[in-house]
Amino acid sequence: MKGKIIFWAILIGLLSLVPLTILQNIAPPVLKYPASISNLIQRILGLTIFILMFWQIMLGAYMEKWTEKLGGWVLNFHIREGIIIYSLVILHPLVFVLFRHFSGQGTDPVFVYLGFCVFCQTQLDLYYTLGRTAFWLLTIGVLAGLFRASTPFMRVNWKKFHVVNYAVFLIVGIHGLSLGTDFRSMPFFAFAILAYLLVLFTIIRKIPNVFSTFKNWLNG
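This write-up is about the structure you can find in this document.

Rules and cut-offs
- Residues numbered from 1 in each chain as written.
- Predicted model: local features only at pLDDT ≥ 70, side-chain atom pairs only at ≥ 80, totals over all residues.
- Heavy atoms only, no water.
- Helix = DSSP H or I, 4+ residues; strand = E, 2+ residues; numbered from the N terminus.
- Buried < 20%, exposed > 50% of the residue type's maximum accessible area, 1.4 Å probe, protein only.
- Contact = heavy atoms within 4.5 Å.
- Areas by Shrake-Rupley, 256 points an atom, 1.4 Å probe, with all protein chains shown as cover.
- Disulfide = S-S within 2.5 Å.
- Salt bridge = Lys/Arg side-chain N within 4 Å of Asp/Glu carboxyl O.
- Expected span 1.5 Å × (residues − 1).
- Phe/Tyr/Trp six-rings, centres within 6.5 Å; stacked < 30°, edge-to-face > 60°.
- Axes fitted to C-alpha atoms, helices over the stretch in contact; angles between N-to-C directions.
- Parallel < 35°, antiparallel > 145°, perpendicular 65-115°, else oblique.
- Left-handed = near helix turned anticlockwise from the far one by under 90°.
- 1 Å grid on protein atoms, 1.4 Å probe; cavity = no way out; pocket = protein on both sides within 12 Å on 5 of 7 lines; lining within 4 Å.
- Points joined across faces, edges and corners; volume = space filled by probe spheres on them.
- Nonpolar A, V, L, I, M, F, W, Y, C, P; charged D, E, K, R; others polar.

Helix and strand counts for the protein stand at 10 helices and 0 strands. Burial status across the protein gives 39% buried among its 220 residues. Pairs at least 24 apart in sequence give 64% of the contacts found in the protein among residues at least 6 apart. Carbon and sulfur atoms provide 72% of the accessible area of the protein, an area that totals close to 12,800 Å².

Here it is as structure tokens:
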């Protein structure tokens, strides 16, 4: 019971960084115009997604230790959190569509979801492309998880696709730090750097296992 309380206290504490950070970077007229409201929602979603993705990766990477200490409910939480994260990820660009509409930039969901650029003309285009890349990579990871029990191929290979979530987190971090003042504001900036370092450390620890998995895959 004590471990469960600590688990939730840490998660709620991390999520509290969202309002603490947002409140530093908004002006009173923010709720006056539809464009500013949609922009505010988008910012809240972005920070929340980053925190939940970090928590999701830390759970998934060390699931055996979590379940050993806290029990099997952690795995169920991990699955539910994944659904919540993907739902928020879908909403994030959808709210961006609304923001562009209300700010007079047009209503073009194709641009928001599929407007990739290979040789981006501006840094802004590059950062938007990173966001789109993260969205579709996460979609691949989510689909792999959903179909792992229903198809023989995914039952064996779903982890190879699910590992893209690490790349998604790193891309989302670059996307957020490049586009948002919130990511670069304290206290969120300190958390973002620490989260990035912990995920990189986890990736480095996992590299031998990843190479071994792909070697076995190639050898049939």
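So, on to the state of the cysteines. Scanning all chains against the criterion turns up 1 disulfide. Each sulfur in the disulfide pair C117 and C120 lies 1.8 Å from the other. Its S-S torsion of about 90 degrees marks the bond between C117 and C120 as right-handed, since a negative value means left-handed. For C117, a relative accessible area of 21% puts it in the partly exposed group.

Here we come to the pattern of salt bridges. A side chain with one charge may pair with a side chain of the opposite charge, provided their charged atoms come close. Applying the stated criterion to the full structure yields 1 salt bridge. In this structure, the salt-bridge partner of R43 is D182, at a minimum N-O distance of 2.7 Å. One end of the pair, R43, is in helix α3 (residues 34–61); the other, D182, is in the loop between α9 (164–179) and α10 (188–218), with 139 residues separating them in the sequence. D182 matches R43 in its accessibility class, with the two residues each being buried.

This paragraph deals with helix α5 (residues 73–102). For an α-helix, the turn length of 3.6 residues means that residues three or four places apart are oriented alike. Here α5 spans 43 Å end to end across 30 residues, near enough to the 44 Å set by a 1.5 Å rise per residue. One or two positions beyond α5, positive phi appears at G104, with a value near 80 degrees.

So, about the packing of aromatic side chains. Throughout the structure, instances matching the rule amount to 21 aromatic pairs. Where F7 meets W66, the ring centres are 5.6 Å apart and the plane angle is 90 degrees; that geometry is what we call edge-to-face. Residue F7 is located in helix α1 (residues 2–15), and its partner W66 is located in helix α4 (residues 63–70); the two are separated by 59 residues in the primary sequence. Measuring from ring centre to ring centre gives 5.9 Å for F50 and F188, while their planes differ by 55 degrees; the resulting arrangement is tilted. One end of the pair, F50, is in helix α3; the other, F188, is in helix α10, with 138 residues separating them in the sequence. Comparing F50 with F188 shows no difference in burial state: the two are buried. Joined through ring pairs, the aromatic side chains of F50, F54, F169, F183, F188, F191 and Y196 make up one cluster.

Right, let's get into the packing of α5 against helix α7 (residues 123–146). Where α5 contacts α7, the axes come no closer than 11 Å and their chain directions differ by 150 degrees. Judged on the interaxial angle alone, α7 and α5 are roughly antiparallel. α7 is crossed by α5, and the crossing has left-handed handedness. Of α7, the residues touching α5 (which contributes Y86, V89, I90, P93 and F96) are Y128, F135, L138, T139 and V142.

We now examine the layout of surface pockets. Empty space among the atoms can be located by rolling a probe the size of a water molecule over them. Roughly 720 Å³ of volume is contained in the second largest pocket. Lining the second largest pocket we find 30 residues, and of these Q42, H92, Y128, H175 and L179 sit closest to its centre. For the lining of the second largest pocket, a count of residues per class yields 18 nonpolar, 9 polar and 3 charged.

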